[in-house]
Amino acid sequence: MLKEITDNPLMNGDVAEAEEWLQSLDDVLHREGPERLRQLLVMLQEQAYRRGVKLPFTSNTPYINTIPVSEQPRFPGNREIERRIKSIIRWNAMAMVVRNNRPGSANVGGHISTYASSATLYEIGFNHFFHAPSADHPGDQVYFQGHASPGMYARAFVEGRLTEENLCNFRHELRAVPGLSSYPHPWLMPDFWQFPTVSMGLGPIMSIYHARFLRYLEHRGIMDTSKIKVWCFIGDGEVDEPETLGAINLATREKLDNLIFVINCNLQRLDGPVRGNGKIIQELEAGFRGSGWNVLKVIWGGDWDPLLEADTSGLLMRRMGEVIDGAYQGYIVESGGFIREEFFGKHPELLALVEHLSDEQIQKLKRGGHDPEKIYAAYKAAVENKGTPSVILAKTIKGYGMGEAGEGRNATHSHKKLNEKELREFRSRFGIPISDEEIANAPFYKPAEDSPELQYLRQRREALGGYLPQRRTEAPPMEIPSREVFKSVLNSERDESTTGSYGRVLQVLLRNKAIGKHIVPIIPDEARTFGMEAMFSQYGIYASTGQNYKPVDAGVLAYYKEAKDGQILEEGINEAGAISSFVAAGTAYANLGVNMIPFYIYYSMFGFQRVGDQIWLAGDSRCKGFLLGATAGRTTLNGEGLQHEDGHSQLLASTVPNVVAYDPAFAYEVAIIIQDGLRRMYGENESILYYITLYNEDYKMPAMPEGVEDGILKGMYKYQSREVEGSQSRVQLLGSGPSILAALKAQDLLAQHFGVASDVWSVTSYKELRREALEVERWNLLHPDQAPKTCYVQQMLGETRGPIVAVSEYMHLVPEQIAKWLPRRITTLGTDGFGRSESREALRKHFEVDAEHVAFAAISTLVRDGKLDKSVVAQAVKTLNIDTEQRDPVSA
C-alpha cells in the first residue's frame, strides 16, 4: 500500500497518516460492507463542507469497467455458437454493401464499419434481451442505429425473414423484387422498421419521450407497459447533436428505468476522431452521472482482467486514464510492439506487467465492446436497475474486423469496397466457410436449416417472443364520432377565434365515450395563450408522481391540477420534446397495438420551422394525429413581432408528402376537418397526419351553409356571391383563414364604390387542391388516348368570370401552388417578408393584405384586362387610401 500512496499524484503530506486512513477504509469495507463505507464517506464530505473545506468535484470514475470481475454474472449462452452466428451476420452485412458498390454496379452506397464495431452490442441484445411482441409481453422498443442497418438485414436473412434477392437489392427499392431501404424507414418498409433513426440525434430524444409515454399509458390505465424496455443505440459522434443529450434530465426526473441508452464509443465519426484531444467516454460519463443516470462503462475486454488484477499499485489504471482518444485510435493501426513501447513503456512496472505477452497478444487485447461477457453483464445490470435510466458506454473499434481495409482508420465510415485479398482476410478472420474460388463474388452465406447455428438462433428468438425488428398494425379501427356530435360548433354563431373553436371541438371529443380516453392533448406551456386552461382541472396534467404541493390557484375553478393519471401532456417550453411525445402517441397503434390520438397545439412559428426534421420523421414513421399551429399568420398575432409571426408554415407543410394541411376560416370548417381526419386516420387507417392552422383573432362565426362539407375537405367552396345590378365586371376573391374577412369586406367595397360583382371563395387547403390537381394531371399525361379528367379547382373556377385574386396570411407562394390549373392568371396577396410588432390593422396595411388592398388588386387587374377604364385607378387609390409608393414589405 505504501508504494500505491507514494505513486499517487494527489499525495502531498504525511505518508503514514494517509496509510492509516486507507487502512481504515479497507477495514470498514471488509467488516461492514460497501453501504456502510458509502455512509461514512458522505458524512465525512458533509463535515468537510460545514468546516468550509471545498472538495474538488468530479463526476468521473476511473477509466475502467464499471462492473468488476467479481460482480460479473455467469454468461448464460453458448459463446462459441453465438460467435459463429455473429461472424456469419458480419460477413453477410459486409457482402451486401460490397456487392452493391462494385465496378459496373449503381454504387448506391452503404456502411460497413458501424455495424462491424457494434455487432457484439446487437447480438447480445438479440440473443438475450430484446423481447418481441408476444402473448405475454408487449415487446421492447429498439431504436437501432441507422448506419448499422446492414447488420439488421443480414440477421433477418439468416433468420429466413429476408431473401438473398432482398439483400442483392439493398438500396434498390424500385426493382421488381423490392430491395431494402438504406436506413430504418417505416414508410418504405412498414412491416420491418419501427423507428427512423438516421437523422442524427432524433433517435435519442424520441426514445426518451417514448419511454415516458409508456409510463403515461400505464398510469392512465390504458395498457400495462411495465415489462417494456426502450433500447436506443447511439454513435459517440452523434452525441454532438443537441437533441441527443438535450432531454436526459427528463429521463432522470421521471425515473425512467425502462430506458437504456447504448452508446457505441468507437471514438470516430465520419472525418476523424470524436475527441482526439480528450476522452469521449469520460465526457459522457460526467454528463450522464451529473444528470443522475446509471452509467455502465464497458471499456476493456476480459483479456485485460488479469493485468488489472496484477496492477496492485493502480499504475495501469492511471495510465489508461491519461491516454487520450487520438492515441487510442492510433494504437488500432499499429503493431503490438508499438503499443508495448508507447502505452506500457512509460513505466517500467507496466512493461513488467506484460512481459509474458507476445506483441501479437498485446495487439489483440480486446476492447470491452467486443467482449460478449462484458456486454452481457452491463445489459443485465441495466435491465435490473431500478429508479433511474441507464447508459452503457461501450468502447469499440470502428470497422472492427476489416483489417487494413478500414479497421480504425479515419476513412472507414465511408468505406464500401473490399478487394479480393481483403475479402479473403475477412473470411479467414471470422471463419466463414467460403472457398477461395468463390470469394471474389462475395457470396452470401446461410447455414443449413438443421445447423447448430440456426437452431440456436431460433431457440433464442422464440424464447424472447419472436423476431425483431418488426412493425405491426394490429390496432382495430375506432368508432369515430359522427358530424352530428359537433352540432354545437357547426351551427353556433358566436364571436370567437378558430383557436377557441378548436377548444370546443376538443372538449366534445374528450367527453366522447368511444374515443375520449384515447385523446392525448399536448401543450408546450401555452394553454393560457390558447384559452385552454380550463382543461387543467377537468382532465389533469400528467405528472408521474402526482401533485405533491398545493397550487397557488387552488381556490380557482380552473386551477393547475397535476395528477398521476392526468390526460394532458404539458411539456413546458420544449417543442422538440412535445413533438417527440406527439410521435410516441401517434405511432402507438403500430408500436403498441393501441390507438392514441395526439392533438399537439403550439405557436405555429415553432412547428415546421423549429422542429421540421422531427415532423419529417413523423411522416416517415406513419405517425397519426393533429398538429395545430395556433396564433398563426403574419398579421394576426398582435405585437409579438418578427420571431413569432408565421407566414410560411403552410408552405413548409406542403413539403411533407403525407401531411394533410388546412387553413380554416370558420368554426364549422375546423369541426368538419377534424372529424374527417379522425375518420381517415383512425377509421380507415390511412398513414397521414394533419396540420391545421388556428388564429387568435375573434370574429363572428357563422353557422355552416348547406352542402359545403365536400368543398371544405377538398380545399375550397363558394362562400358568398355579391351581385351588382347592371355590372359588366366580376371578380373571384379567394380567402383562407381570417383573410376571408378581408375578401368579404373587399367584396362590399367593390360593389359599393366601383359597381363590381364578385364571388368569395373559402379556400381551406391549397395543398389539397394542388395534390388532387397533380394527381389528375399525371393521369391525363399517362392516358392521352382517353378523355381528360378535370381537377377540382378547375371544376370550381373553370366556368367563372373575371380576375382571380387570392389573399392569405401566408407568402404568395401558398396560393400560387394552384396557379397552373386556373383558367386565368391569379393575382396573389401575401405576407412575404419579416414580421414586426404592430396592431393587426397596421400589419395588414403594411403587408398589403387588408380589404382595401384586396379591392385595389381586383380593380388593377380589371383595368389591365380592359374591363374597367384606366380612370378608375385614381378613384380607387383615393377611395381605398392606397400608397402606391409604399416600400415593398419584402425588403422593409
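Below is a summary of the structure that appears in this document.

Looking at the overall build of the protein chain
A count of helical and extended segments in the protein chain gives 36 helices and 20 strands. Principal-axis analysis of the C-alpha atoms places the extent of the protein chain at approximately 110 × 75 × 55 Å. The proportion of buried residues among the 892 residues of the protein chain is 57%. Relative to all contacts within the protein chain whose residues are 6 or more apart in sequence, the contacts with residues 24 or more apart total 77%. By element, 50% of the accessible surface of the protein chain is carried by carbon and sulfur atoms, the whole surface being about 36,700 Å². Taken as two groups, the 97 positive and 115 negative side-chain charges of the protein chain have centres that lie 2 Å from each other.

Here we look at the sheet that holds strand β13 (residues 659–662)
Read from one edge to the other, the open sheet built from 6 strands follows the order β10-β7-β11-β12-β14-β13, with strand pairing classed as parallel. Here the strands that pair on one side only, and so sit at the sheet edges, are β10 (569–570) and β13. Two strands pair when backbone bridges link them, and strand β7 (residues 519–523) and β10 are joined in this way by 2 bridges, in the parallel orientation. Bridging from a neighbouring strand, Ile523 pairs with Glu570 of β10. Running over the sheet, helix α25 (residues 575–586) touches β7, β10, β11 (597–603), β12 (626–630) and β14 (689–693) and is turned about 160° from β11.

Thoughts on the nonpolar core
Counting 88 residues, the largest nonpolar core has Tyr502, Phe599, Phe626 and Ile674 as its most contacted members. Examining the composition of this core, we find that 10 residues originate from one element, helix α29 (residues 667–683), more than from any other. In this view, Phe626 contacts Phe582, Ile597, Pro598, Phe599, Tyr600, Ile674, Gly677, Leu678, Met681, Tyr690 and Ile692; residues no more than four positions away in its chain are not counted. Residues Cys265, Tyr328, Leu350 and Leu569 belong to the second largest nonpolar core, which totals 87 residues.

Remarks on the packing of helix α31 (residues 739–754) against helix α35 (residues 851–864)
The relative placement of two packed helices comes down to the angle between their axes together with the axis-to-axis distance. Where α31 contacts α35, the axes come no closer than 8 Å and their chain directions differ by 55°. Compared by their axis directions, α31 and α35 come out oblique. The hand of the α31/α35 crossing is right-handed. For the pair formed by α31 and α35, the contact residues are Ala742, Ala743, Lys745, Ala746, Leu749, Leu750 and Phe754 on the first element and Ala851, Glu852, Val854, Ala855, Ala858 and Ile859 on the second. Across the contact of α31 with α35, the residue classes tally to 11 nonpolar, no polar and 2 charged.

Points about a nonpolar patch on the surface
Together, Trp21, Leu41 and Leu44 line one region of the surface with nonpolar side chains, adding up to about 330 Å² of accessible area. On the secondary structure map, Leu41 appears in helix α3 (residues 34–50).

Section: the side chain of Ser580
Its location among the elements puts Ser580 in helix α25. Classification of Ser580 by relative accessible area gives buried; the value is 1%. Residues in contact with Ser580, not counting those within four places in the same chain, are Ile205, Met206, Tyr209 and Gln614.

Here's the deal with the environment of Ile859
Its place among the elements puts Ile859 in helix α35. Along the primary structure Ile859 and Pro34 are separated by 825 residues, whereas in three dimensions their C-alpha atoms are 87 Å apart. Look past the residues within four positions of Ile859 in its chain and what remains in contact with it is Leu750, Phe754, Val756, Leu868, Val872 and Ala876.

Looking at the sheet that holds strand β20 (residues 826–829)
Spatial ordering of the open sheet is given by β16-β18-β17-β19-β20, a layout of 5 strands whose pairing is mixed. Two strands bound the open sheet, and with one partner strand each, they are β16 (716–722) and β20. In this sheet, adjacent strand axes meet at a mean angle of 20° when their direction is disregarded. As judged from the 6 bridges shared by strand β17 (residues 730–735) and strand β18 (residues 757–763), these two strands associate in the parallel manner. Bridging across to β18, Gln732 finds its partner in Asp759. In this fold α31 packs onto β16, β17, β18 and β19 (804–807), with an angle of close to 30° to the strand it touches most, β16. Along the sheet face, α35 touches β17, β19 and β20 and points at about 155° away from the line of β20.

Thoughts on the packing of α31 against helix α36 (residues 871–880)
Between α31 and α36, the shortest axis-to-axis distance is 12 Å and the interhelical angle comes to 125°. Looking at the two axes, α31 sits oblique to α36. Two packed elements cross with a definite hand, and for α31 against α36 that hand is right-handed. Residues Leu749, His753 and Phe754 of α31 form the contact with α36, whose participating residues are Val872, Gln875, Ala876, Thr879 and Leu880.

Some details on helix α21 (residues 452–463)
The first and last C-alpha atoms of α21 sit 16 Å apart over 12 residues, in line with the 16 Å expected at 1.5 Å per residue. Those residues of α21 that fall on the buried side of the exposure criterion are Glu453, Leu454, Tyr456, Leu457, Arg458 and Arg461. On its buried face, α21 sits against α4 (79–99), α5 (113–128) and α6 (149–159). Two residues or fewer after α21 comes Gly465, characterised by a positive phi angle close to 100°.

Digging into the pattern of salt bridges
Within the structure shown, the criterion is met by 48 salt bridges. With a closest N to O distance of 3.3 Å, Arg771 and Glu775 form a salt bridge. Here the residue Arg771 and the residue Glu775 both occupy positions in helix α32 (residues 766–782), the gap between them amounting to 4 residues, near one helical turn. Three or more residues joined by partner-sharing salt bridges are found here, namely Asp27, Arg31, Glu32 and Arg36.

Some words on helix α11 (residues 280–291)
For an α-helix, 3.6 residues make a turn, and residues three or four places apart therefore share a direction. Here α11 contains 12 residues, and its C-alpha end-to-end distance of 17 Å stays within 8% of the 16 Å for a straight helix at 1.5 Å per residue. The complete set of buried residues in α11 reads Ile280, Ile281, Gln282, Leu284, Glu285, Phe288 and Ser291. In the segment just after α11, Gly292 is the residue with positive phi, at about 95°.

As for the pairing of β13
Here β13 shows no split at all, with Val659 and Ala661 on one side and Val660 and Tyr662 on the other all buried. Here 4 bridges tie β13 to β14, and the two strands are oriented parallel to one another. Its bridge partner lying in β14, Val659 is registered against Leu689. Note that the unit made of β13, α29 and β14 has a crossover that is right-handed.

Comments concerning the packing of aromatic side chains
Under the counting rule described, the total for this entry stands at 49 aromatic pairs. Summarising the aromatic geometry, the rings of Tyr502 and Phe599 are spaced 6.2 Å apart at their centres and angled 35° between planes, so their arrangement reads as tilted. Pair noted here: Tyr502 is in helix α23 (residues 498–510) and Phe599 is in strand β11, with a separation of 97 residues, a long-range link. Exposure remark for Phe599: the relative accessible area of 1% places this residue in the buried category. One Lys or Arg, Lys624, reaches over the ring of Tyr682 and ends 5.6 Å from the middle of that ring.

Re unusual backbone geometry
At the junction of Leu468 and Pro469, the peptide bond is cis and its omega measures out at -5° in the coordinates. Inspection of the secondary structure assignment puts Pro469 in the loop between α21 and α22 (487–490). In the Ramachandran plot, Arg622 falls in the positive-phi region, its phi being about 60° despite a non-glycine side chain. Relative to the elements of secondary structure, Arg622 occurs in the loop between α27 (608–620) and β12. For Arg622, a relative accessible area of 15% translates into the label buried. Even without being glycine, Thr631 reaches a positive phi, approximately 45°. By the secondary structure assignment, Thr631 is in the loop between β12 and α28 (649–653).

Here's the deal with the side chain of Arg680
Positionally, Arg680 belongs in helix α29. Its relative accessible area of 16% is what places Arg680 among the buried residues. If we ignore the near neighbours within four places in the chain, the residues touching Arg680 are Val660, Asn685, Glu686, Ile688, Tyr690 and Glu768.

Thresholds, definitions, all that
Residues numbered from 1 in each chain as written. Predicted model: local features only at pLDDT ≥ 70, side-chain atom pairs only at ≥ 80, totals over all residues. Heavy atoms only, no water. Helix = DSSP H or I, 4+ residues; strand = E, 2+ residues; numbered from the N terminus. Buried < 20%, exposed > 50% of the residue type's maximum accessible area, 1.4 Å probe, protein only. Contact = heavy atoms within 4.5 Å. Areas by Shrake-Rupley, 256 points an atom, 1.4 Å probe, with all protein chains shown as cover. Lys, Arg positive; Asp, Glu negative; His and termini not counted. Charge placed at Lys NZ, Arg CZ, Asp CG, Glu CD. Pairing = 2+ DSSP bridges. Axes fitted to C-alpha atoms, helices over the stretch in contact; angles between N-to-C directions. Core = buried A, V, L, I, M, F, W, Y, C linked by side-chain atoms within 4.5 Å. Parallel < 35°, antiparallel > 145°, perpendicular 65-115°, else oblique. Left-handed = near helix turned anticlockwise from the far one by under 90°. Nonpolar A, V, L, I, M, F, W, Y, C, P; charged D, E, K, R; others polar. Patch = residues over 30% accessible without salt bridge, like charges linked within 9 Å, V, L, I, M, F, W, Y side chains within 5 Å. Salt bridge = Lys/Arg side-chain N within 4 Å of Asp/Glu carboxyl O. Expected span 1.5 Å × (residues − 1). Right-handed = clockwise from strand over helix to strand, strands pointing away. Phe/Tyr/Trp six-rings, centres within 6.5 Å; stacked < 30°, edge-to-face > 60°. Lys NZ or Arg CZ within 6 Å of the ring centre and 35° of its normal.

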